[in-house]
Amino acid sequence: MERRIRVAAGWTAAVLVGAAALAGCTSSGKPAGTASSALEGGKSAVASAAESALGSATAAIGSAAASLGASAQAAASSALASVKGGLNVKGDVALGSVTTESDGKLSVPVTVTNHGSQAGKYTIQVNFDDASGNLLDATVVTVPEVAAGATAQATAHSNRSLNTPVTPVVANALRY
């Protein structure tokens, strides 16, 4: 990608220099009409190339983030699949506010309230979504035995540093 940007910039510069040299200048030192026109066309080409390169870079970054999010999602799904006989209890889980740790990773407090009639363990998938709802990262938190009617605390940590504003979401919660 970086190479494409350099090549496009090089070709654009060559076109601009060539157009100015061929068109010449007036006696006042200003570009002649054709040179001025060529320069304006060159500016447009540079702007277009830059816009195209930026669009490509943005798409590549989005694709990479989606790939990392999908990878984290797959790992979380695998961890949840190992739970046998679990009950879906997303309503038992509440998330606090996201904070950034010293290493740039995010953490969010997880509060579990066992609304069941028996003690149980919890396995919870917490997703970190961007403002548009796109998955950026996912993690799984296991909370050991929580007595019926009791509340327990845990913390979900992102797997990597996330620099955009995120919303934590309880994607899955199983009590077993």
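To be clear, the structure that these remarks concern was listed above.
Attention in this report is confined to the structure presented alongside it. Please read all numbers here as calculations on a predicted model, not as lab measurements.

**Concerning the pairing of strand β8 (residues 167–175)**
Examined bridge by bridge, strand β1 (residues 87–88) and β8 share two bridges and lie antiparallel to one another. For asparagine 88, the partnering residue across the bridge sits in β8 and is leucine 174. As paired strands, strand β5 (residues 120–129) and β8 are joined by eight bridges and run antiparallel to one another. In the sheet register, aspartate 129 faces β8, and the bridge partner there is threonine 167.

**A few points about the nonpolar core**
Ranked by size, the top nonpolar core spans 21 residues in total, and within it Val110, Ile124 and Val143 carry the most contacts. Of all elements in the fold, only β4 (105–113), β5, β6 (135–146), β7 (151–161) and β8 reach the threshold of two or more residues within this core.

**Quick look at the pattern of salt bridges**
Inspection of the entire model under this criterion finds one salt bridge. Among the ionic pairs, aspartate 92 bridges to arginine 175, the shortest N-O distance being 2.8 Å. Taken together, the residues aspartate 92 in the loop between β1 and β2 (93–95) and arginine 175 in strand β8 connect sequence positions 83 residues apart. For aspartate 92, a relative accessible area of 8% corresponds to the buried category. Taking the relative accessible area as the measure of exposure, arginine 175 reaches 14% and is therefore buried.

**Considerations on the side chain of aspartate 137**
Structurally, aspartate 137 is set in strand β6. It turns out aspartate 137 is buried and unbridged, and the closest side chain with the opposite charge, arginine 160, is 4.5 Å from it. Within polar-contact distance, the side chain of aspartate 137 engages the backbone nitrogen of asparagine 159 at 2.6 Å.

What counts and what doesn't
Residues numbered from 1 in each chain as written. Predicted model: local features only at pLDDT ≥ 70, side-chain atom pairs only at ≥ 80, totals over all residues. Heavy atoms only, no water. Pairing = 2+ DSSP bridges. Helix = DSSP H or I, 4+ residues; strand = E, 2+ residues; numbered from the N terminus. Core = buried A, V, L, I, M, F, W, Y, C linked by side-chain atoms within 4.5 Å. Buried < 20%, exposed > 50% of the residue type's maximum accessible area, 1.4 Å probe, protein only. Salt bridge = Lys/Arg side-chain N within 4 Å of Asp/Glu carboxyl O. Lys, Arg positive; Asp, Glu negative; His and termini not counted. Polar contact = N/O pair within 3.5 Å; in protein donor to acceptor, adjacent residues only side chain to side chain.

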